[in-house]
Amino acid sequence: MTTQEIKGLLFAKVSELTSCKVRREDIAIGKNADEMDEIQQGSDRTLALDSLTRKWETMTLVSEALTRIESDTYGICVECDERIGAKRLAAIPWAKYCIDCQEQKDNSIAERWDNAA
Ligand SMILES: [Zn+2]
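Residues numbered from 1 in each chain as written. Predicted model: local features only at pLDDT ≥ 70, side-chain atom pairs only at ≥ 80, totals over all residues. Heavy atoms only, no water.

Draft legend 1. Spotlight on the coordination of the zinc ion. Around the zinc ion, the donor atoms from the protein are Cys-77 (SG), Cys-80 (SG), Cys-98 (SG) and Cys-101 (SG), and they sit 2.3 Å away. For the zinc ion, the 4 donor atoms in the first shell make angles of 105 to 117° at the metal, a pattern classed as tetrahedral. Counting residues between consecutive donors of the zinc ion along the chain gives the motif C-x2-C-x17-C-x2-C. Taken together, the positions of Cys-80 in the loop between helix H3 (35–70) and helix H4 (86–91) and Cys-101 in helix H5 (residues 99–116) put the pair 21 residues apart, joining distant regions of the chain. By relative accessible area, Cys-80 is classed as partly exposed at 30%. (Donors = N, O, S within 2.8 Å, 3.2 Å for Na, K, Ca; no water. Tetrahedral: all angles 85-135°; square planar, octahedral: opposite > 155°, others 65-115°. Helix = DSSP H or I, 4+ residues; strand = E, 2+ residues; numbered from the N terminus. Buried < 20%, exposed > 50% of the residue type's maximum accessible area, 1.4 Å probe, protein only.)

This is how it looks when you write it as structure tokens:
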């Protein structure tokens, strides 16, 4: 993939993420709802916030990837300086870590959850 193609993918992702805004009413708390409605709205709200958080995280990764293209470090793992696999980049053009480092991160997050429980 050329740099231009990668940039195209990243910009496409940015416009995808910014085009589907979460509606305000999905997050707002209903004042006149009865209890069941409140429970339902509560879980809808959690889902809406959850997807908002994920979008925000992806946005950050995409903008970081664009910065790395500018500084000529795109496709290099920020953790171990190894090249990120072409397949991985094709699947996730904004990948920040190589597959090994990503797995380690995922595991350490899982461990933290285990310890917290
Ligand atoms: Zn790595």
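Draft legend 2. How the structure looks around the nonpolar core. Formed by 15 residues in total, the largest nonpolar core has its most connected members in Leu-10, Tyr-74 and Cys-77. Secondary-structure elements contributing two or more residues to this core are helix H1 (3–19) and H3. The residues that make up this core include at least three from each of domain 1 (1–74) and domain 2 (76–117). Beyond its immediate sequence surroundings of up to four residues, Tyr-74 is in contact with Ile-6, Ala-65, Arg-68, Ile-69, Arg-83, Leu-89 and Pro-93. (Core = buried A, V, L, I, M, F, W, Y, C linked by side-chain atoms within 4.5 Å. Domains from an automatic or database assignment. Contact = heavy atoms within 4.5 Å.)

Draft legend 3. Examining unusual backbone geometry more closely. Unusually for a residue other than glycine, Asp-72 sits at a positive phi of about 65°. With respect to the secondary-structure elements, Asp-72 resides in the loop between H3 and H4. Even without being a glycine, Asp-81 presents a positive backbone phi close to 65°. Position of Asp-81 relative to the elements: it lies in the loop between H3 and H4.

Draft legend 4. The pattern of salt bridges, seen in detail. With the rule as written, the count across this model stands at 5 salt bridges. In this structure, Glu-70 and Lys-7 form a salt bridge, with 3.1 Å as the shortest nitrogen-oxygen distance. Of this pair, Glu-70 sits in helix H3 while Lys-7 sits in helix H1, placing them 63 residues apart in sequence. Its salt-bridge partner being Arg-54, residue Asp-50 comes within 3.2 Å of it at the nearest N-O pair. You can see Asp-50 and its partner Arg-54 sitting in helix H3, 4 residues apart, about one turn around the helix. Taking relative accessible area as the criterion, Asp-50 reaches 38% and is therefore assigned partly exposed. (Salt bridge = Lys/Arg side-chain N within 4 Å of Asp/Glu carboxyl O.)

Spatial relationships are all this shows, so hold off on functional conclusions.
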